[in-house]
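# Secondary and tertiary structure notes
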Amino acid sequence: MSFRAYRVSEENGQYVGQWQELDEQALPAGDILIEVHYSSLNYKDALSASGHKGVTKAYPHTPGIDAAGRVLEGTADFPAGSEVVVFGYDLGMNTAGGFAEKIRVPASWVLHKPQALSMADSMAWGTAGFTAALSVQKLLAVGVAPEKGAVVVTGATGGVGSVAVALLAKLGFEVLAVTGKAAQADFLQALGAKDVLSRETVLAAAGKALAKPLYQAALDTTGGDMVSALLPQIQNEGALSTCGMLAGTQVSTSIFPFILRGVSLLGVDSVEIPRAEKQRILDKVASDWALPNLNSLTVDVTPEQLSKSLERIRSGQGVGRYRLKLN
């Protein structure tokens, strides 16, 4: 049977995406065939759609690292009719992804969709929101707590950052949102940020071994110089989690924040963590960590708007989350 998929191909040195009709036989081997109802747009999708060989090695290709839908052909654990979610692993990278009406994947990639979470809401979270939740969990695990001081969120208007701001605020933290988009201050404060800081304010400490300890913790989504600048500003026994590389992959720092203040630097991977841990976090965002304002930071995208929306995200102009409806 045929289905529609957003295929990215190389044409005269340019990478162009368009919707095409494909046959199910074009899908990769896998245990579970899923009718995709929703996907979401992430920075990694934008890279894949623009021909970034560090994300996707071979084209034509269907991006989309997230999918939520209904099982058409399944297993005993995921019988036909089950509503499921797929985050990460190789979906949308080198395996045909969620920007399609159907996907076929290994059972080990599939999560049970919590009953309290709709398919639409699961994709408002998506990999970006899921990464934000993992980042928050990492900070909580090392003792970061609301009564100990402010938490900085970098890249705060982006997919990960916006959800992180909303989630930390829900948990009672004083949240300071860092952004280069001053015009989005009202948006960030509506999510729960107490104050909005410019990138330049934070980056002023770059190159210092230690600076005034202003923040209990930081949830970084950008990498590079932002990590270098924040580490010397973290309080004693504080922590910094990092999950992105938009600002660069290199970090320059002194050993002092670690040996004189006991600061923890926490890496966050949302792709290859065990499925049981992914399921636990998904269940948590459907219950204790549910965000009533999630849809207020989510932009719904039609298939016809997909190309332009991906370019907006790739160029750093995206704000909040982007959700694609397919069925």
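Reading the values: the criteria
Every chain begins its residue count from 1, and numbering advances along the sequence as written. Two thresholds apply to this predicted model, a pLDDT of at least 70 for residue-level local features and 80 or more for giving and counting side-chain atom pairs, whereas whole-chain, interface and lining totals are computed over all residues. With hydrogens and water set aside, each side-chain value is computed from the structure's full complement of heavy atoms. The helix count covers DSSP runs of H or I at least four residues long, the strand count covers runs of E at least two residues long, and both are numbered beginning at the N terminus. Burial classes follow relative accessibility: with a 1.4 Å probe on protein chains only, a residue under 20% of its type's maximum area counts as buried, one over 50% as exposed, and anything between as partly exposed. Only heavy atoms enter the contact rule, under which two residues are in contact if any of them lie within 4.5 Å. Surface accessibility in these figures is a Shrake-Rupley result with a 1.4 Å probe; residues are shielded only by whichever protein chains are displayed. Here, any two strands with at least 2 DSSP bridges between them count as paired. Here is how to tell: hold the view so the strands point away, follow the path from the first strand over the helix to the second, and if it runs clockwise the crossover is right-handed. Only residues whose relative accessible area exceeds 30% and that take part in no salt bridge are eligible for patches, with like-charged residues grouped when within 9 Å of each other and nonpolar side chains (Val, Leu, Ile, Met, Phe, Trp, Tyr) grouped when within 5 Å. For this document, the term salt bridge refers to a Lys or Arg side-chain nitrogen within 4 Å of an Asp or Glu carboxyl oxygen. Only C-alpha atoms enter the line fits that serve as axes; for helices the fit covers just the stretch in contact. Angles between N-to-C directions range over 0 to 180 degrees. Under this scheme an angle from 65 to 115 degrees is roughly perpendicular, one under 35 degrees roughly parallel, and one over 145 degrees roughly antiparallel; angles in between are oblique. Should the near helix be turned anticlockwise from the far one by less than a right angle, the crossing is left-handed, and should it be turned clockwise, the crossing is right-handed. In this count, Pro and Cys sit with the nonpolar residues alongside Ala, Val, Leu, Ile, Met, Phe, Trp and Tyr, while Asp, Glu, Lys and Arg are called charged and the others, Gly among them, polar.

Moving on, we get to the overall build of the protein. Within the protein, the regular secondary structure consists of nine helices and 15 strands. Principal-axis analysis of the C-alpha atoms places the extent of the protein at approximately 65 × 45 × 35 Å. Going through the 327 residues of the protein one by one, you find that 55% of them count as buried. Within the protein, residue pairs in contact and separated by at least 24 positions form 70% of the contacts whose partners lie at least 6 positions apart. When the accessible surface of the protein is split by element, carbon and sulfur atoms take 51% of a total near 13500 Å².

Taking burial as the measure, the six residues of strand β11 (residues 215-220) include six buried ones, the bulk of the element. Sheet topology places β11 next to strand β12 (residues 234-242); five bridges connect them, and they run parallel. Each bridged residue has a counterpart across the sheet, and for Leu219 the counterpart in β12 is Ser241. In this fold, β11 hands off to helix α6 (residues 225-230), which returns the chain to β12; that crossover is right-handed.

Looking now at a nonpolar patch on the surface. On the surface, Leu210, Ile255, Phe256, Ile259 and Leu260 cluster together into a nonpolar patch covering about 460 Å² of accessible area. For Ile255, the position within the fold is in the loop between β12 and α7 (256-259).

Once that is clear, we can look at unusual backbone geometry. A cis amide bond links Tyr59 with the next residue in sequence, Pro60, at an omega value of 5°. By the secondary structure assignment, Pro60 is in the loop between α1 (43-49) and β4 (66-73). The phi dihedral of Asn12 is positive, around 55°, even though this residue is not glycine. Within the element layout of this structure, Asn12 appears in the loop between β1 (2-11) and β2 (14-23).

Turning our eyes to something else, we now look at the packing of helix α2 (residues 119-141) against helix α3 (residues 159-170). In contact at an axis separation of 8 Å, α2 and α3 are set at 50° when each is read in the N-to-C sense. The angle between the axes of α2 and α3 places the two elements in the oblique class. Like other packed secondary-structure pairs, α2 and α3 cross with a definite hand, here right-handed. Residues Trp125, Ala128, Gly129, Thr131, Ala132, Ala133 and Val136 of α2 lie in contact with α3, whose contacting residues are Gly159, Val160, Val163, Ala164, Leu167 and Leu168.

Before going further, it helps to examine the pattern of salt bridges. In the structure shown here, the tally under the stated rule is eight salt bridges. With a closest N to O distance of 3.8 Å, Arg4 and Glu101 form a salt bridge. Residue Arg4 is found in strand β1, and its partner Glu101 is found in the loop between β5 (83-87) and β6 (102-105); the two are separated by 97 residues along the sequence. The partly exposed category is assigned to Arg4, whose relative accessible area is 27%. With its nearest N and O atoms 2.5 Å apart, the salt bridge here joins Glu24 to Lys102.

The subject of this paragraph is the packing of α2 against helix α8 (residues 275-285). It is the contact of α2 with α8, at a shortest axis distance of 10 Å, that shows an interaxial angle of 95°. On the basis of the axis angle, α2 is roughly perpendicular to α8. Taking contact as the criterion, the partners of Trp125, Phe130, Ala133, Leu134 and Gln137 in α2 are, on α8, Glu277, Lys278, Arg280, Ile281, Leu282 and Val285. Looking at the contact of α2 with α8, its residues break down into seven nonpolar, one polar and three charged.

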